[in-house]
Amino acid sequence: MLANRRSLNFALTLNLVLVAFAVCIIVGGMRIKMFIDWRIGEINSTISALVNAVAGTAGEAAFRIDPILAERSVQGLIDSRYVRSVSVVDDFGTVLFTFAKPDEKKDNSDLAIPGIKWNNVRSVSLIAYGSSVGRLVVDIDDREVNDELHSVINAEVANILVILVALAISFALVFYLTLTRPLSRLARTLSEFELESRYFKRVVPPKGHELDEIGSVAENFNTLLSKIEKEIHQLHRTKDELGQLRLYLSSIINSMPSALVSVDNECIITHWNKQAEKNIGILASEAVGRHLESVVPRMATVVDLVRKAVDERKVYLDSHQHRREDGELLYDEITIYPLTADGVDGAVIRVDDVTDRTRLEMMMVQSEKMMSVGGLAAGMAHEINNPLAGVLGHVHNMRKRIFGDLKQNEVVAEECGLDLESMRCYMERRDILRMLDGIFDSGNRAAAIVANMLTFSRKSEKRHDKYDLAKLLDSTIELAANDYDLKKHYDFRKIEINREYDSDIPNVVCEGTELQQVFFNLLKNGAEAMMEKDFINENPRFICRIKKEFPMVLVEIEDNGPGMDMAIRKRIFEPFYTTKEVGKGTGLGLSVSYFIIKNQHGGELEVDSSFGNWTKFTVKLPLKNL
């Protein structure tokens with residue numbers, strides 16, 4: 001395609017102008033030389049003619065030695081602008097006459113033109129009457145000659161300069177029309193391009209320059225644009241892919257439930273994910289670039305582990321690192337992973353909140369303890385139950401053998417010489433019968449307590465059956481009245497129990513022992529809460545209600561204790577949350593109760609309270625079969 005292009009006129013014009021410059025300079029130099037030679041010839045001819053014209057008269061004046069005649073004869077030479085002085089000399093070299101211009105000037109040889117040879121003195125022999133009488137010596141004024149020659153040179157140089165200026169203007173005009181203007185138009189077109197754009201507007205060569213070098217520049221530039229455009233497209237594609245990959249990886253990192261912090265080998269933070277912002281409460285923009293210890297002072301112990309992990313290329317684990325937040329004890333597990341890629345020094349720190357897991361482990365330990373205590377209670381109940389059965393049996397037999405209408409009683413009394421009626425009268429008057437009744441009642445109550453303990457501590461097989469909620473609640477109240485801890489700190493029997501049971505409550509399918517555990521926890525917490533209140537004009541009281549609100553059966557246990565505020569109510573069912581003093585509560589009772597009702601029975605456990613007045617727990621159990 002380039003073979004079909006034509007060259008710019010500028011190149012030809014430039015060559016022609018340069019040749020014209022050279023020709024002009026050469027011709028000008030030749031013309032100057034020619035004019036100088038021509039003028040010198042004219043001057044020489046003029047001087048020679050003047051000298052020859054006065055030679056005869058000057059010879060006669062020399063022969064006569066007539067100064068007046070001599071002066072008249074050379075006056076024409078003296079008047080010539082080229083002659084400085086004229087002298088008449090005899091054959092012996094003696095100057096006879098000398099005539100010079102009165103305003104004779106000094107020699108100005110510095111004005112001589114280089115390369116021009118000029119004879120300043122002219123000498124002509126004088127002849128008089130056929131014989132030589134001397135010589136006529138003419139001193140030429142070279143300043144006048146040089147001035148005239150300079151004038152000739154200056155005029156010619158001026159002509160050459162005019163021609164050169166005309167050529168320069170022509171060259172500039174041609175340069176502007178053939179190169180500057182089209183290039184300016186091309187430059188204006190190029191200035192409209194935006195390198196940030198993915199697509200470039202192609203350059204259109206100026207009109208009339210489609211096939212010359214300007215067009216070639218435009219075409220080559222468009223070809224370059226196509227290549228750049230292709231590279232930019234590739235760079236943008238790579239940039240987009242890297243951006244998507246970065247967002248994808250960032251989304252993965254930020255969606256993780258763990259707090260992830262990457263650091264270099266100096267423990268300067270390089271990455272900080274969203275979970276770290278949430279857990280620690282510091283934005284990534286505030287954390288990145290700072291030292292780990294300055295951002296999270298409690299991780300000061302981790303700094304040494306980070307350096308150790310980086311040096312040894314080994315994963316380190318710091319489990320169950322505890323912290324306190326809003327008065328609550330929380331647990332973290334910190335894992336340090338060294339970055340093992342070549343040329344990369346640093347580590348990734350993963351911080352997991354293991355509070356729930358730790359509490360679950362503690363709950364399991366507590367559960368194991370409770371199971372052990374339950375087993376021990378069951379064994380003790382069995383051991384107590386055997387002698388208790390003997391006591392009740394013997395009391396029963398004593399009543400029968402003293403106050404029973406048995407024939408054998410009368411026979412034995414006669415054999416012993418006793419009056420059976422008198423003995424009965426004695427025992428009644430001495431309250432022995434009442435004492436026996438008291439022993440029997442106490443034994444029956446103790447048997448009921450043992451039975452409740454066996455039922456409560458017996459391992460549950462998770463077998464749901466239909467139960468009468470009123471009987472379950474009453475048996476739990478009786479069990480709570482004999483609880484050791486409550487009896488030790490507070491007399492449960494002094495608490496007034498008001499029962500408000502609806503009569504049309506159907507049996508509910510549930511796991512009896514688990515439901516008793518829930519009722520027991522609610523009664524125990526209520527009793528301990530009422531223990532902290534000073535009662536005026538009233539007594540501590542439980543109001544136990546059982547009612548039906550289809551499709552649920554509601555069990556309400558309300559106390560008139562100190563109540564609780566909203567902050568406590570929001571967290572009352574959280575594991576290990578307790579308002580009791582250290583060592584007096586584990587914070588598991590209500591959370592376990594909530595788990596039993598919510599997860600094991602598909603019901604609801606709610607709390608309502610008026611601070612300083614009362615607290616009410618509501619157990620909602622579904623009527624449908626589970």
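Just above, that's the structure.
The sections below set out a description of the structure shown in this document. (Residues numbered from 1 in each chain as written. Predicted model: local features only at pLDDT ≥ 70, side-chain atom pairs only at ≥ 80, totals over all residues. Heavy atoms only, no water.)

For the chain, the count of helices and strands is 17 helices and 16 strands. A burial count over the chain gives 36% of its 626 residues as buried. Residue pairs in contact within the chain that sit at least 24 positions apart in sequence constitute 63% of those at least 6 positions apart. Of the roughly 37,600 Å² of accessible surface on the chain, 56% is carried by carbon and sulfur atoms. (Helix = DSSP H or I, 4+ residues; strand = E, 2+ residues; numbered from the N terminus. Buried < 20%, exposed > 50% of the residue type's maximum accessible area, 1.4 Å probe, protein only. Contact = heavy atoms within 4.5 Å. Areas by Shrake-Rupley, 256 points an atom, 1.4 Å probe, with all protein chains shown as cover.)

Another aspect to go through is the packing of helix 15 (residues 512-530) against helix 17 (residues 589-600). One way to put it is that helix 15 packs onto helix 17 with a least axis distance of 9 Å and a crossing angle of 145 degrees. The handedness of the crossing between helix 15 and helix 17 comes out as left-handed. Facing helix 15, whose interface residues are Glu514, Leu515, Gln517, Val518, Asn521, Leu522 and Asn525, helix 17 presents Gly589, Leu590, Val592, Ser593, Ile596, Ile597 and Gln600. For the contact of helix 15 with helix 17, the per-class residue count stands at 7 nonpolar, 6 polar and 1 charged. (Axes fitted to C-alpha atoms, helices over the stretch in contact; angles between N-to-C directions. Left-handed = near helix turned anticlockwise from the far one by under 90°. Nonpolar A, V, L, I, M, F, W, Y, C, P; charged D, E, K, R; others polar.)

Time to look at the sheet that holds strand 15 (residues 604-610). On the basis of which strands lie adjacent, the open sheet formed by 5 strands has the order 11-13-14-16-15 and mixed pairing. The two strands at the open ends of the sheet, each matched to only one other strand, are strand 11 (496-501) and strand 15. In this sheet, neighbouring strand axes are inclined to one another by 15 degrees on average, regardless of whether the strands run parallel or antiparallel. As paired elements, strand 13 (residues 541-549) and strand 14 (residues 552-559) share 8 bridges and run antiparallel to each other. Paired with Arg545 across the strands is Glu556, a residue of strand 14. Helix-sheet contacts for helix 13 (residues 469-481) involve strand 11, strand 13, strand 14 and strand 16 (614-622), and the interaxial angle to strand 11 is about 175 degrees. (Pairing = 2+ DSSP bridges.)

Counting 36 residues, the largest nonpolar core has Leu469, Phe542 and Val619 as its most contacted members. Listed by contribution, the elements that provide at least two residues to this core are helix 13, strand 12 (508-510), helix 15, strand 13, strand 14, helix 17 and strand 16. Take this core: its biggest share by element is 8 residues, from helix 15. Leave out the neighbours within four places in its chain, and Leu469 touches Val508, Leu515, Ile546, Val553, Val555 and Leu621. (Core = buried A, V, L, I, M, F, W, Y, C linked by side-chain atoms within 4.5 Å.)

Strands in a sheet are paired, the pairing made by backbone hydrogen bonds, and the direction either parallel or antiparallel. Pairing is antiparallel in the open sheet, where 4 strands are placed in the order 2-1-4-3. Because the sheet does not close on itself, it has two edges, and the strands there are strand 2 (95-100) and strand 3 (121-128). Put simply, the sheet's adjacent strands are angled 20 degrees from each other on average, direction ignored. The sheet contact formed by strand 1 (residues 83-89) and strand 2 spans 5 bridges and is antiparallel. In the strand pairing of strand 2, Ser87 is matched with Thr98. Here helix 2 (residues 67-79) sits on the sheet in contact with strand 1, strand 2 and strand 4 (131-140), set at roughly 40 degrees to strand 2.

Another point: the environment of Ser442. Within the element layout of this structure, Ser442 appears in helix 12 (residues 432-457). Measuring from C-alpha to C-alpha, the distance between Ser442 and Leu392 comes to 9.3 Å, with 50 residues separating the pair along the chain.

For Ala49, the position within the fold is in helix 1 (residues 9-64). Residues Ala49 and Leu77 lie 28 residues apart in sequence; the distance between their C-alpha atoms is 9.9 Å.

Quick look at the side chain of Asn560 now. Structurally, the position occupied by Asn560 is in the loop between strand 14 and helix 16 (566-571). A relative accessible area of 5% means that Asn560 is categorised as buried. Only 2.9 Å separates the side chain of Asn560 from the backbone oxygen of Asn539, close enough to count as a polar contact. (Polar contact = N/O pair within 3.5 Å; in protein donor to acceptor, adjacent residues only side chain to side chain.)

Under the counting rule described, the total for this entry stands at 1 cavity of 30 Å³ or more. Taken as a whole, the largest cavity spans an internal volume of roughly 30 Å³. Around the largest cavity sit Ala259, Asn279, Ile280, Arg298, Met299, Arg323, Asp332 and Val351, which together line it. Split into classes, the residues belonging to the lining of the largest cavity amount to 4 nonpolar, 1 polar and 3 charged. (1 Å grid on protein atoms, 1.4 Å probe; cavity = no way out; pocket = protein on both sides within 12 Å on 5 of 7 lines; lining within 4 Å. Points joined across faces, edges and corners; volume = space filled by probe spheres on them.)

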